[in-house]
Amino acid sequence: MNMVLKQLPVICLASGIWFSVMAQDKPNVIIVLTDDQGYGEVAAHGNEFIRTPHLDELHDEGVRLTDFHVNNVCSPSRAAIMTGKYATSVGVWHTIGGTNILNIEEKTMADVFRENDYKTYMVGKWHLGDNYPYRPEDRGFDEVLRIGGGSLGQVADYWENGLWDGHYWNGNEWVMKEGYCTDVQFDAALNFIDRAGETPFFLHLATTAPHSPIGAAPEYVEPYLEMGLSKGVANFYGMVTSIDENMGRLRAYLSKKNLEENTILIFMSDNGSACAKKDTSIFNAGMRGKKGSDYEGGHRVPCFVYWPGGDVEGGKSLTQLTAHLDILPTLIEACDLSIEENIQFDGESILTLLRDTQIELPDRVIVSEGKVNDREKLYNSSCVMNANWRLVSGSELYDMQSDPGQKKAIDDKARVEEMREQYMNWHSKVSEAFDHEYCFVYSDSASSVPFVTMDLLPDGKKNKPKSVWNQSAVKKGVYDRGVWNIEFPEDDTYTFQLSRVPIEAENTSYDSKKLKNMNITGASVTIDGVLIASSEGITDDQVKLEAKVSKGQHKISANFRNNKKESFSAYYLYISRD
């Protein structure tokens, strides 16, 4: 028998199907990343109210990582997953104001898979850059179907996008998809799988649920209302149950297509629960803190790995400290992927642990950080993790074994100092990249995509933008002022279109009279602090200005001015040229 197996590749090569057979041997990879679903929003974790039968089944049949951590807000977690590195060292440390844009020099998970002849697909939420060359379609994904920004209805998203019948960007244009958001996103995922054919694929399915806006069909929400839960919790739980139902649909489809055995399926979330954050009575698996918190509930999330064809025996718990940083190194080993560059990951492969959860590895140190303001302020918004120890904000020490709810800090000065030193070692490394700023690149092919206020950088040290990030604020006339870093490919005359609302708003049923009148009287474009074009006496919320721009990187300011002579950034800026 061994002789036959050894000769099989030669026979296949002679028949011209060797490469097809080799491709089929490569495992497919699916990462399902939910948005704002906490560890407690899985029934198998002890929640007596929520209904998640399919996730419970995956919990029971796969390897469950019970001490798995991410960042406490979404964009940093996504950057770490995509790179295997600490997010703050690759340009991502928050969600707005240019702090969520993944450094262009970084190789992404999709890059790695595509370079290894995988088909690469991305569905749902990206939130690591919406302009060229930072979009997922620029970062290794063959195809995308995604929203803009970080949730439905943010400034970078399609105007007035909602939970039902939303618009999605397919890499070239916005397309409307009928149905509920989660159903649409899973439909797209199944379609991608079907079209992959015999080619191994990497699918990143990043759902927009259960992030706000919250809501689901009555059949998902009403059972929770009947339990006596509040409307907000019922809607949130209903969104999770909808995800659960679609997870069942995904697994059934993989089984039908005979792909289940050789597909690595990973289910996880991007940060702690956002369900009724101020209501401490909501089940959170006994953890303190929710989304945005440095306590355990802010960054410990569900993670299940299922790969029966890869000698990963299910029904086991991996209790050692693991993190989102480990996903990419693990997949590289599991799929036997080659990398041309010598990438230094912050995470490590846990494939051996997935195959044998009883193996004991040396203690490791992992830092979860969720800075919102000053990235350089030491210990601010951080949690240092080492085995069962947690050091929060550089001063509060907890033993998770004896105090899993982090109710009382321990007075152990020696251990605190040891973990503070661990933090400083980490900070010393990641801070090397703190001076890096994003730089969008003008592209004729991407000129239909506007630059938006949620990506504004400060236009001076004393003028830090508030970063208008959702469409509700646009409608209310909330404003800020800042600049965009943009590189121009050559000397030319460019048209700058400053807009109050995006161009596609003309194609919606939105009543423009609901926009607050901002009394716009003028507009101007400034490059590197020098006024290059302006218009006075305008009454429209949209104006076009032409200006000559030299090749290279520039700080662009595109401002409206009101009748009080206050200047503020246009919410949407389109740049084009003939």
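Within each chain, residues carry numbers counting from 1 in the order of the written sequence. Given that the model is predicted, a residue must reach a pLDDT of at least 70 before its local features are reported, and side-chain atom pairs must reach 80 or more before they are shown or counted; all residues, however, enter totals for whole chains, interfaces and linings. For side-chain calculations, the full set of non-hydrogen atoms in the structure is used, while hydrogens and water are omitted.

J.: I tried to follow the nonpolar core on my own but got confused; where do I start?
T.: Soluble globular proteins tend to pack their nonpolar side chains together in the buried interior. Ranked by internal contacts, the top residues of the largest apolar core, which has 53 residues, are I30, V32, I193, L203, Y237, M247 and L250. By residue number, the principal contributor to this core is helix α8 (residues 231-256), which donates 11 residues. Other than its neighbours up to four places away in sequence, M247 contacts V32, L55, L58, F186, L265 and F267. The next biggest cluster of nonpolar side chains, apart from the first, holds 50 residues, and it includes M454, F496, V549 and L573. Remark: nonpolar core denotes a set of buried residues (Ala, Val, Leu, Ile, Met, Phe, Trp, Tyr, Cys) joined through side-chain atoms within 4.5 Å. Remark: exposure states derive from per-residue accessible area (1.4 Å probe, protein chains only) relative to the maximum for the residue type, with buried under 20%, exposed over 50%, and partly exposed in between. Helix and strand definitions follow DSSP, with helices as H or I runs of at least four residues and strands as E runs of at least two, each counted in order from the N terminus. Contact between two residues is taken to exist if any of their heavy atoms lie within 4.5 Å; hydrogens are not considered.

J.: I would appreciate a short explanation of the packing of aromatic side chains in the present structure.
T.: Note on ring pairs: Phe, Tyr and Trp rings are taken, using the six-membered ring of Trp, and paired if centres are within 6.5 Å. Classes follow the plane angle, with under 30 degrees stacked, over 60 edge-to-face and the rest tilted. A complete count under the given rule lists 23 aromatic pairs for this structure. Ring centres of Y158 and W174 lie 5.5 Å apart, and the angle between their planes is 65 degrees; on these two criteria the pair is classed as edge-to-face. With a gap of 16 residues between them, Y158 in the loop between β5 (143-146) and β6 (167-169) and W174 in strand β7 (residues 174-176) connect regions that are remote in the sequence. Both rings, one in Y224 and one in Y237, keep their centres 5.5 Å apart while their planes meet at 80 degrees; by these two values the pair is edge-to-face. Residue Y224 is located in helix α7 (residues 218-226), and its partner Y237 is located in helix α8; the two are separated by 13 residues in the primary sequence. Pair check on accessibility: Y224 and Y237 agree, each one buried. Three or more aromatic residues joined by ring pairs make a cluster, and in this case those are F113, Y118, W126, F141 and F202. The lysine or arginine in question, R288, covers the ring of Y295, its NZ or CZ lying 3.7 Å from the ring centre. Across from the ring centre of Y379, 4.0 Å away, lies the NZ or CZ of R420, which sits over that ring. For a lysine, the NZ atom is tested; for an arginine, the CZ atom; a charge sits over a ring if that atom is within 6 Å of the ring centre and within 35 degrees of the ring normal.

J.: Is there a simple way to think about the sheet that holds strand β13 (residues 365-369) in this case?
T.: In a beta sheet, neighbouring strands pair by backbone hydrogen bonds and run either parallel or antiparallel. Read across the open sheet, the four strands follow the order β13-β14-β15-β16; overall the sheet is antiparallel. Both edges of this open sheet fall to β13 and β16 (396-399), since each of them pairs with a single strand only. Sheet twist, expressed as the average angle between the axes of neighbouring strands with direction ignored, equals 20 degrees. Only the stretch in contact is used when fitting a helix axis, every axis being a line fitted to C-alpha atoms; angles between N-to-C directions are given from 0 to 180 degrees. Helix-sheet contacts for helix α12 (residues 413-430) involve β13, β14 (382-386), β15 (389-392) and β16, and the interaxial angle to β14 is about 110 degrees. When DSSP locates at least two bridges between a pair of strands, those strands are taken to pair.

J.: Please explain the sheet that holds strand β23 (residues 542-549) as it appears in this structure.
T.: As summarised here, the arrangement of the four strands in space is β18-β26-β20-β23, forming an open sheet in which the pairing is antiparallel. Each edge of the sheet is formed by a strand with only one pairing partner; in this case those strands are β18 (451-452) and β23. Bridge count between β18 and strand β26 (residues 572-576): two bridges; the pairing is antiparallel. Pairing of F451 across the sheet is with L573, part of β26.

J.: Sorry, what's going on with empty space enclosed by the protein here?
T.: Over the atoms, a rolled probe matching the size of one water molecule traces out where space is still vacant. In this analysis, the protein atoms alone were mapped onto a 1 Å grid. Cavities are point sets where a 1.4 Å probe fits without being able to get out; pockets are open sets with protein on both sides within 12 Å along at least five of seven lines; lining residues have an atom within 4 Å of a point. Grid points are joined across faces, edges and corners, and a volume is the space filled by probe spheres set on the points. In the structure shown here, the tally under the stated rule is four cavities of 30 Å³ or more. Here the largest cavity is characterised by a volume of approximately 100 Å³. Looking at the lining of the largest cavity, the elements that each hand over two or more residues are β9 (263-269), α10 (327-334) and α11 (351-355). Element by element, the count of residues in the lining of the largest cavity is highest for α10, at four residues. Note on residue classes: Ala, Val, Leu, Ile, Met, Phe, Trp, Tyr, Cys and Pro are nonpolar, Asp, Glu, Lys and Arg are charged, and everything else, Gly too, is polar. Residues belonging to the lining of the largest cavity are distributed by class as follows: 12 nonpolar, one polar and one charged.

J.: Could you clarify how one ought to interpret helix α6 (residues 181-196) in this entry?
T.: Residue pairs three or four apart in sequence face the same way in an α-helix, which turns once every 3.6 residues. To estimate how far a helix should extend, the number of its residues minus one is multiplied by 1.5 Å. Here α6 spans 23 Å end to end across 16 residues, near enough to the 22 Å set by a 1.5 Å rise per residue. Buried residues in α6 make contact with β1 (28-34), β4 (119-124), β5, β6, β8 (201-206) and α8.

J.: When you look at the pairing of strand β19 (residues 484-488) in this model, what are you seeing that I'm missing?
T.: Regular strands place their side chains on alternate faces of the sheet. Here β19 lies mainly inside the structure; four of its five residues are buried. Across two bridges, strand β17 (residues 440-441) lies against β19 in parallel orientation. Pairing of V441 across the sheet is with E487, part of β19. Pairing geometry for β19 and strand β24 (residues 552-562), over five bridges, is antiparallel. Within β24, the position partnered with F488 by the bridge is G552.

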